[in-house]
Amino acid sequence: MNGNNSAAMAPLPKKKRSNMNLAVSRWTPYRYILPAFMVMALMVFYPLGYGIYLSMTDMSLATFKDPNFIGLGNYAKLLHETAFLRTFGRTIVWTMVNVFFHVTIGLFLAVLLNRKLLGKGIIRVLLIIPWAVPQYIVALTWRGMLNNQFGAINIFLQKIGFSAVPWLTNPSWTFIGAILTNIWLGFPFMMMIALGGLQSIDKEFYEAAEIDGASGVQQFRNITLPLLKPVLAPAIVLGTVWTFNMLNVILIIAGGFGNEKTQILVTEVYRLAFNFYRYGYAAAYSVVIFLILLIFGMTFMKRSQGLEEVR
Amino acid sequence: MKKLSMVLVVVLVLSFFAGCTSEEPAAPATGEETPETVEPVDLALWEQMDPVAQDVFDQVAADFMTEYPNITITRTHYETEELRTNFQTASLAGQGPDLVYGPSDNVGLFNVSGLIQPVTNILEESFLATVDENAKKDGFTSGEYWTVPDINGNQIAMLYNKTMIDKAPETWEELVTMAKAVQNIDANDPDNSTYGFVFNEKEPYWFIGFYNGYGGSVMDADNNPTLDNDAMVQALQFVKDVRAKDGLGIEGMDYDIPDSLFKQGKAAIILNGAWSWTSYQEAGIDLGIAPGPVLPGGDNMTFYSATKGYMISAEMDPAKTEAIRTFFKYFMSAENNAKFALANSQAPAVIAAWDLPEIKDDELQKASIATIQHTTPMPIVAEMRAVWDAMRPELEAVLYQDKAPAEAAADMQTRAVEGVATIRGE
Amino acid sequence: MENNQVQVRDSFKNRYFERNDSWLKIILIYLLLLIMCVVTVYPMLNILSVALRPADNLFQMNLQIVPDNYTLENFRRAIFEIDLLLWLRNSLIISVLTAVIAVSFSASAGYAFSRYRFTGRKTGMMMFLITQMFPGPMLLLPMYILLVKLGLVNQFLGLLVPYTATAVPFSVWMLKGYFDTIPKSLEESAYIDGASPFLTFYRIILPLAKPALAITFLFAFMSAWSEYIVAKVILTKPEVLTLPVGLVSMQGQFNTQWGVYSAAALITSIPVVILFISLSRFLVGGLTLGGVKG
């Protein structure tokens, strides 16, 4: 092991790929992957196939037990849905704002907590709390905090000289309230990921940078971010996917399907399937969501080179 | 400690089963009521009961299982929405329960999807005759009875705190005067404020009381929505005026704020449903219950009433028929039915239960019977969902976005028509 | 004398804080963290407040946390009158098993993706991501039908499989990303010493990846701990209910025992906090690559 630390010494070394040891047969990697793949195949691919099949049927209340196959009919109908684009736009706002704050707040806190700091153990536990409590009760609590008259947020706003915000009576504000709640719920996860990722960064990089006179911001941009990328990129993709498909927070804060201005694509799927019992149509909606996310995921991973090999 | 109790539970369960099987050959001693099927039968019941009713059910079920050791009842609790979706999902997979207990508004939906069967398939005429005809009608559609109702009500009524209001107002004008007299709102000190009148202003289930009170009706005979009319405009105007003109209530009132205020004795009058009455008494409120007052230029507020009851799954194993009959005879005896009625503070559906002293002399039961006179049964067809969904955003738009009631009524109708078409798969 | 004091102060500072930080910077950092802590803790205090109130009052019209007429009755009832301890036990079993299985499967898969080049590698990795993209509600029905066919309804195994499937994709990527940061040279020298690939993975790579393993474990644990929708469909017997399902079973349509509910929710978060504290020692330095190179 000794004498091999040159890789760690020089910042971001570009090393040529070496073929692995002779002991490795061409089947070795597949054996490593097999258990995880089996579970996924069992639990996801069949349901996925079923969902795609369902999207080509007219399954609804009257045809619940024996739906008819109607090909791409549901998709054709979806294309004519005028509300779709508006809801899609809102979903993008919802997702981008949430993920942006999850990542920036999480990263920021992780960097602070990665420093030498008295009492950071306790602070870390306090900051992780939103992740530890059942989501349902927290979301309800937030709804209480957003109440126009009695909610803590408005009382606080008024104390510091702002006027009360109509969180729960104006759909646009309700939507913002839901975003606030979801940011609160989501940043500890990103903080944890970043905190873990930071452990893999060798302190020597920073020491070397400091000798070269690099500022804190420069160090963050040139060392921390690039080295966190392998861990952060998939976390951002998945965070985006999860936020895109987040159902509970919106339904709880908005108090149901109420106003369209508070709804995103996945709540629309839910409404179609479980309020209007249009299972086939809802499945078509789901497939479209799936395709949108697929395109996003592919592009993002390609851009961030998350699929590249170890250096 | 925990381990010990787990072991105890396991031992108990095992000995219970062992007891069952070993006693099998022995002749049942309880007489002719004991069913011939000594084979162990497991009845699965999925329910949407309030917590108090769940406790009562468990007690009655325990007694039942001691009396009929071959029948086991497994109760699983679901919330309203989950009961619906999980029952559908499970039925598709052939894993549904034998019995479903819940509000009658699921009947239309389950019946259209072919998930339940008429109760007359399984239960004898003589048994069904013991159940109140009006309650049974609530589960009647497509020419068949689909439920065995056990309680009737779920209605909203006007509740007042007797320490603040000495007698129930009969008209809206009276209510405004009385409520204003006790109301004392300090915007900067909500903790020491008192509210005259509060209710869930966002929820259509409350709003419908005003619409019905102005003579409105949500659907025609073919289940097509009829929402764009004078009654709707009047009702929307009324609900808007509660705050805007009469100066009562709080902007953005949902369920929990009024409920908490009334529990704390900070609200004099509230509109709330039968499910809540016991909780107010438990919170120490001197509770008065009366029908909703007469609306200005209209009739009494007329809320919906609905039954709750049992439905029989279409997938039910015919071998369980005898056990299910036994179950219903036991749970729907006058005495047991009364227990559920009292737990829910709603009227019993078994006719014989009405004359029992515990029902006749109960204050809440009296109030329930008095207020139910001013209700109208809630439609149970699947299309009703589209009506509810159409109402809510328009109601909120009138309340919070200054939308004109006439415009909102027209848009509500458009939404409902679209929704009904969606549900029907058009 | 004065000099001495400065030295004492400095050694105190150097012991507990970064060497180059000014006091102003330290105070600023604390201030920021304090604000964030208030933001995360305040809603919890709200829940505590509901739990301390009698008569299931969800709202109080003031900002007081401990009400004047506070009572511990709700906590007593949460522990003794509902099956909280049973749900807690069930949830612990399922969550720990999920975490252990998900972490081992993901570590092995993540290692292959990080270290080997093989046909289908990129496709395989994307596959893991893709599985997360289909909206959950629509997967429920087919998943349920599948579990029924496998006879896994009302069994812990019936939850374990979907939960592992939920936790694996993220975990594979997380671990793959972390393994990527470990220089290959470490294994190469082990190979030269004659160690087998598995031994190298197990003895050299895994110990180095402890921070990522800890996070993956926590993630898998939490996803199982708080999962509700699948559990609600699969578990119908009272003796197998998990915490989220049990908690929700206490709700009525409008009438919920908010006091007991909140007390139970708070009790529920205790095991998570304990788990987090015990895992967090892997997250605080000391195990960085710098430490092992020696």
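What you see is a predicted model, and the numbers here were worked out from it, not measured in a lab.

Novice: Pulling in residues and values, what's your account of the interface of chain B and chain C?
Specialist: Taken together, the contact between chain B and chain C spans 35 residues of the former and 31 residues of the latter. Taken over both partners, the interface formed by chain B and chain C buries close to 3000 Å², and the fraction arising from carbon and sulfur atoms is 60%. Put simply, chain B and chain C have 0 salt bridges between them. Those elements giving two or more residues to the side of chain B that touches chain C turn out to be helix 1 (2-23), helix 2 (51-67), strand 2 (71-77), helix 3 (80-92) and helix 10 (256-263) of chain B. When residues in the side of chain B that touches chain C are grouped by element, the largest group, 6 residues, is from helix 3 of chain B.

Novice: Lay out the nonpolar core in plain terms, naming residues and giving numbers.
Specialist: Core analysis: the largest hydrophobic core is formed by 313 residues, its most contacted members being B:Phe197, B:Phe207, B:Phe210, B:Val218, B:Leu271 and B:Met391. Here this core takes 15 residues from helix 8 (residues 171-199) of chain A, the largest share from any one element. If we ignore the near neighbours within four places in the chain, the residues touching B:Phe197 are B:Trp172, B:Leu175, B:Ala179, B:Gln183, B:Val242, B:Leu248, B:Gly249, B:Ile269 and B:Leu271. One finds B:Ala61, B:Phe64, B:Phe327 and B:Met332 within the second-largest nonpolar core, a separate group that totals 44 residues.

Novice: Run through the interface of chain A and chain C, naming residues and quoting values.
Specialist: Counting residues at the interface gives 114 residues for chain A, matched by 113 residues for chain C. With both sides pooled, the region where chain A packs onto chain C buries about 10700 Å², and carbon together with sulfur makes up 76% of that total. The interface formed by chain A and chain C contains 0 salt bridges. Across the contact surface, chain A and chain C share 8 residue pairs in polar contact (both at pLDDT 80 or more). Here the side of chain A that touches chain C gets 20 residues from one element, more than from any other, and that element is helix 2 (residues 28-54) of chain A.

Novice: Now, about the pairing of strand 1 (residues 41-47) of chain B: what can you tell me, with residues and values included?
Specialist: Consecutive side chains of a regular strand alternate in pointing toward one face of the sheet and then the other. All names here are of chain B. For strand 1, the buried fraction is high: 5 of the 7 residues fall into the buried class. Across 7 bridges, the pairing between strand 1 and strand 2 is parallel. Of the residues in strand 2, the one forming a bridge with leucine 45 is arginine 75. On the question of chirality, the crossover connecting strand 1 to the parallel strand 2 by way of helix 2 is right-handed. Relative to strand 3 (residues 99-103), strand 1 runs parallel, the two being bridged by 3 bridges. Across the sheet, the residue bridging to tryptophan 46 is valine 100, located in strand 3.

Novice: Mind laying out the domain arrangement of chain B, listing which residues take part and the relevant values?
Specialist: Residue and element names in this part refer to chain B. Along its sequence, chain B is organised into domain 1 (4-9 + 38-153 + 306-377) and domain 2 (156-302 + 383-424). A C-alpha centroid distance of 30 Å is found between domain 1 and domain 2. Contact residues are listed per partner, giving 15 residues for domain 1 and 15 residues for domain 2. Note on domain 1 versus domain 2: buried area summed over both sides is about 1100 Å², and carbon and sulfur give 59% of it. Broken down residue by residue, the surface that domain 1 buries against domain 2 is led by Leu364, Thr371 and His374, which jointly contribute 45%. Where domain 1 packs against domain 2, one counts 0 salt bridges.

Novice: Talk me through the packing of helix 5 (residues 120-132) of chain A against helix 2 (residues 23-52) of chain C; I want residue IDs and the actual numbers.
Specialist: The axes of two packed helices give the description: the angle between them and the distance between them. Where helix 5 of chain A meets helix 2 of chain C, the axes come as close as 8 Å, and the angle between the chain directions of the two elements is 45°. In terms of orientation, helix 5 of chain A and helix 2 of chain C fall into the oblique class. Taken as a pair, helix 5 of chain A and helix 2 of chain C cross one another with a handedness that is left-handed. Taken together, the residues of helix 2 of chain C that come into contact with helix 5 of chain A (itself represented by A:Ile123, A:Leu126, A:Leu127, A:Ile129 and A:Pro130) are C:Tyr30, C:Leu33, C:Met36, C:Cys37, C:Thr40, C:Val41 and C:Met44. Residues belonging to the contact of helix 5 of chain A with helix 2 of chain C are distributed by class as follows: 11 nonpolar, 1 polar and no charged.

Novice: How would you explain the pattern of salt bridges if you had to name every residue and give the values?
Specialist: Residue and element names in this part refer to chain B. Applying the stated criterion to the full structure yields 27 salt bridges over all chains. Here arginine 325 makes a salt bridge to glutamate 322, at a shortest N to O gap of 3.3 Å. Of this pair, arginine 325 and glutamate 322 both sit in helix 12 (residues 321-331), 3 residues apart, which is roughly one turn of that helix. Salt-bridge contacts for lysine 403 lead to glutamate 394; the nearest nitrogen and oxygen are separated by 2.8 Å. There is no split in this pair, since lysine 403 and glutamate 394 are both buried.

Novice: Lay out empty space enclosed by the protein with the relevant residues and their values.
Specialist: Gaps left between atoms show up when a probe the size of a water molecule is rolled over them. Going through the model one piece at a time under the given rule, you end up with 12 cavities of 30 Å³ or more. When its volume is computed, the largest cavity comes out at roughly 260 Å³. Lining the largest cavity are 23 residues; nearest its centre among them are A:Gly144, C:Asn46, C:Arg53, C:Leu58 and C:Phe59. For the lining of the largest cavity, the secondary-structure elements that each account for two or more residues are helix 6 (135-145) of chain A together with helix 2 and helix 13 (258-279) of chain C.

Cut-offs used in this document
Residues numbered from 1 in each chain as written. Chains lettered and ligands numbered in written order. Predicted model: local features only at pLDDT ≥ 70, side-chain atom pairs only at ≥ 80, totals over all residues. Heavy atoms only, no water. Contact = heavy atoms within 4.5 Å. Buried area = accessible area lost by both parts, 1.4 Å probe. Salt bridge = Lys/Arg side-chain N within 4 Å of Asp/Glu carboxyl O. Helix = DSSP H or I, 4+ residues; strand = E, 2+ residues; numbered from the N terminus. Core = buried A, V, L, I, M, F, W, Y, C linked by side-chain atoms within 4.5 Å. Buried < 20%, exposed > 50% of the residue type's maximum accessible area, 1.4 Å probe, protein only. Polar contact = N/O pair within 3.5 Å; in protein donor to acceptor, adjacent residues only side chain to side chain. Pairing = 2+ DSSP bridges. Right-handed = clockwise from strand over helix to strand, strands pointing away. Domains from an automatic or database assignment. Axes fitted to C-alpha atoms, helices over the stretch in contact; angles between N-to-C directions. Parallel < 35°, antiparallel > 145°, perpendicular 65-115°, else oblique. Left-handed = near helix turned anticlockwise from the far one by under 90°. Nonpolar A, V, L, I, M, F, W, Y, C, P; charged D, E, K, R; others polar. 1 Å grid on protein atoms, 1.4 Å probe; cavity = no way out; pocket = protein on both sides within 12 Å on 5 of 7 lines; lining within 4 Å. Points joined across faces, edges and corners; volume = space filled by probe spheres on them.

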